[in-house]
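Read off the chains here:
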Amino acid sequence: MSTIVALSTPVGRGAISVVRLSGDKSLVIARLLAPQLDNVKARYATLAQLRYPETGEVLDEVVITYFQGPHSVTGEDVVEISCHGSPAIVRQILDQTINLGARLADPGEFSLRALRNGKIDLAQAEAIRDLIAAETEAAVKQASRQVGGELAHTLSLFESDLTKVMVLLESALEFVEDDLPPNQVESVVQLLTSTVTGVEKLANSYSAGRLLQHGVNVAIVGSPNVGKSSLFNRLVEQDRAIVTHIPGTTRDTLSHAIDIGGIPVVLVDTAGMRETDDTVESIGIERTRRAMTDADLVLQVVDGSEPDAAFLDEISTASILVLNKSDLGPSVVSIKDARSVRVSALTGEGLDELRAAILASLNRGDSSYEGLLITNARQFDLLSLASMAIREALGLLGDRASEELVLVPLHNALRYLGQITGETTSEEILGQIFATFCIGK
Ligand code: GDP
């Protein structure tokens, strides 16, 4: 197995950068660069001078930590070089290690090696990727649970129940003349029912998990002067802003990522698009429509003291009607349903209710942020396939089909569950998954 190397910290300047080597030759290469490493002790930080092998010139003063396989993150010999955080130094170190026989790591290759060496399962590897991408405290907590192996543990309980059932059915097959006695059929049905309920509950947690991990776009729309910008500013000020790169942000739209109840919310203020034409109203409505299509949720703002019929007609199912300027007195717009909230962007009144309404409408009542959540589509698909297979087995049992037939979907269910943790995942799929990781991970 080749020795790989990569920068493991973000590209750019900083106090330190960490270059990581993994593979048989890691220590040999590190020693050729830092001769004083002769008596290096595993898991101890050693101050060392890196030198160019040909000239003996000093490249940088670094701290080197050696992890002897299998007690390392990848299960192989690993050397971490903490150098000064300069892109030029990092480049030199990478070049020197490559000259000495290392190869630049592919995206996710450290994690892939960890998986191959049994250090982590596939769900944990994905969770590490999610943890790094997490933008809110709640998303960090979820990813951490999976990094800790909680998903694999839960799945192993399902797998062991399925295996129990399969052993029973297999043993009935051995004695051809006897079908499973009714009491055993009963307990098989019970076990499968409770397993499929658990699998489905986990699959259903995806809607909440996806929100936590990927967040949502919330557009603030409405006529000029109803207070969209004021509301935007209020929400941004009060909910800790997340510093993030927001893809798809156009120059004329103001957007900002905030944390509402743990969910990363990208607020888009359509007031950032300034009217340049006389046909203000038609443009306004057109823009509203466009913002609505891009958004997961629309905050339809009206001046509660001055109803705006044109926009009220536009209210869609994915909207919350925000009756702003509540400080100016009772609203002349009657509140239609629970999706209407009275606020004052000026005084801050009603903002907690608005945040609660945003959360409630994203939640759609079918998910909770408590407990273990799955956060990626691959896991959701596999859980759904597993639940369909178990339901098929239950159907066959109900029809008194032979044990042999019942076993087929159960074998499939077991395989789908195994693919979540990577036990039964093909090399090709593994390659695709790890390609979504960044280099150095
Ligand atoms: P936008 O054009 O919809 O973005 O509206 P702005 O946020 O620019 O607000 C228009 C005007 O309404 C400004 O003068 C704001 O100070 C005022 N305004 C916004 N929200 C409130 C509110 O809740 N109460 C009161 N009294 N005035 C508000």
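Residues numbered from 1 in each chain as written. Predicted model: local features only at pLDDT ≥ 70, side-chain atom pairs only at ≥ 80, totals over all residues. Heavy atoms only, no water.

### A look at the environment of leucine 27
Then, number 1: Checked against the element boundaries, leucine 27 lands in helix H1 (residues 26-33).
Then, number 2: Taking the relative accessible area as the measure of exposure, leucine 27 reaches 11% and is therefore buried.
Then, number 3: Counting along the chain gives 51 residues from leucine 27 to valine 78, while the straight-line C-alpha distance between them is 7.5 Å. (Helix = DSSP H or I, 4+ residues; strand = E, 2+ residues; numbered from the N terminus. Buried < 20%, exposed > 50% of the residue type's maximum accessible area, 1.4 Å probe, protein only.)

### Quick look at the site of the ligand
Then, number 1: Residues in close proximity to the ligand total 16 residues, the closest being Asn225, Lys228, Ser229, Ser230 and Asp327.
Then, number 2: Contacts to the ligand include serine 230, whose side-chain N or O atom sits 2.6 Å from an oxygen atom.
Then, number 3: Note that a nitrogen atom of the ligand is positioned 2.7 Å from one of the side-chain N or O atoms of aspartate 327.
Then, number 4: Protein chains bury 73% of the 580 Å² of accessible surface belonging to the ligand in isolation. (Near = heavy atom within 4 Å. Polar contact = N/O pair within 3.5 Å; in protein donor to acceptor, adjacent residues only side chain to side chain. Areas by Shrake-Rupley, 256 points an atom, 1.4 Å probe, with all protein chains shown as cover.)

### With respect to the side chain of threonine 97
Then, number 1: Inspection of the secondary structure puts threonine 97 in helix H2 (residues 87-99).
Then, number 2: Under the relative-accessibility criterion, threonine 97 is labelled buried at 0%.
Then, number 3: With residues up to four places along the chain from it excluded, the contact list for threonine 97 reads Val5, Leu21, Ile29, Leu33 and Ala102. (Contact = heavy atoms within 4.5 Å.)

### Brief notes about the sheet that holds strand S12 (residues 340-342)
Then, number 1: Pairing within the open sheet is mixed, and its 6 strands lie in the order S8-S9-S7-S10-S11-S12. Every interior strand has two partners, whereas the edge strands, strand S8 (254-260) and S12, have only one. Within this sheet the neighbouring strands show an average axis-to-axis angle of 25°, counted without direction.
Then, number 2: Sitting on the sheet, helix H8 (residues 206-214) is in contact with strand S7 (216-221) and strand S9 (263-269), with an inclination near 65° to S9.
Then, number 3: Together, S7, S8, S9, strand S10 (297-303) and strand S11 (319-324) form the strand contacts of helix H9 (residues 228-238), whose direction differs from that of S9 by roughly 155°. (Pairing = 2+ DSSP bridges. Axes fitted to C-alpha atoms, helices over the stretch in contact; angles between N-to-C directions.)

### Notes on unusual backbone geometry
Then, number 1: Between glycine 69 and the following residue, proline 70, the backbone shows a cis peptide bond with an omega angle of 5°.
Then, number 2: Looking at the element boundaries, proline 70 is found in the loop between strand S4 (58-67) and strand S5 (78-85).
Then, number 3: With a phi close to 70°, arginine 43 is a non-glycine residue in the positive phi region.
Then, number 4: Checked against the element boundaries, arginine 43 lands in the loop between H1 and strand S3 (45-51).
Then, number 5: According to the relative accessible area criterion, arginine 43 is exposed, its value standing at 55%.
Then, number 6: A positive phi is found at arginine 400, a non-glycine position, where the angle reads about 60°.
Then, number 7: By the secondary structure assignment, arginine 400 is in the loop between helix H13 (377-398) and helix H14 (403-421).

### Regarding the confidence of the model for the chain
Note that predicted coordinates carrying low pLDDT should not be read in detail.
Then, number 1: Here the chain averages 84 in pLDDT, and 85% of its residues register 70 or above.
Then, number 2: When the elements of the chain are averaged for pLDDT, helix H11 (residues 309-312) gives the smallest value, 49, and S5 the largest, 97.
Then, number 3: In the predicted structure, residues 244-252 sits below a pLDDT of 50 and forms 9 contacts with residues beyond four places in sequence or in another chain.
Then, number 4: Below pLDDT 50 for its whole length, residues 272-276 participates in 10 contacts with residues either more than four positions away or in separate chains. (pLDDT = per-residue confidence, 0-100.)

### Structural notes on helix H5 (residues 137-147)
Then, number 1: Buried within H5 we find Ala139, Gln142, Ala143 and Gln146. Each buried residue of H5 sits inside an arc of 95° when the element is viewed along its axis, so together they form one side.
Then, number 2: Check the buried side of H5 and you find it contacts helix H4 (122-133), helix H6 (150-174), H8 and H13. (Arc of directions from axis to C-beta.)

### Quick look at the packing of aromatic side chains
Each aromatic ring pair is described using two quantities: the centre-to-centre distance and the angle formed by the ring planes.
Then, number 1: Per the stated rule, a full pass over the model turns up 2 aromatic pairs.
Then, number 2: Here tyrosine 206 and phenylalanine 380 contribute two aromatic rings whose centre-to-centre distance is 5.0 Å and whose plane-to-plane angle is 25°, an arrangement assigned as stacked. With tyrosine 206 in helix H8 and phenylalanine 380 in helix H13, the pair connects residues that are 174 residues apart, well separated along the chain.
Then, number 3: Lying across the ring of tyrosine 416, arginine 415 places its NZ or CZ 5.2 Å from the centre. (Phe/Tyr/Trp six-rings, centres within 6.5 Å; stacked < 30°, edge-to-face > 60°. Lys NZ or Arg CZ within 6 Å of the ring centre and 35° of its normal.)

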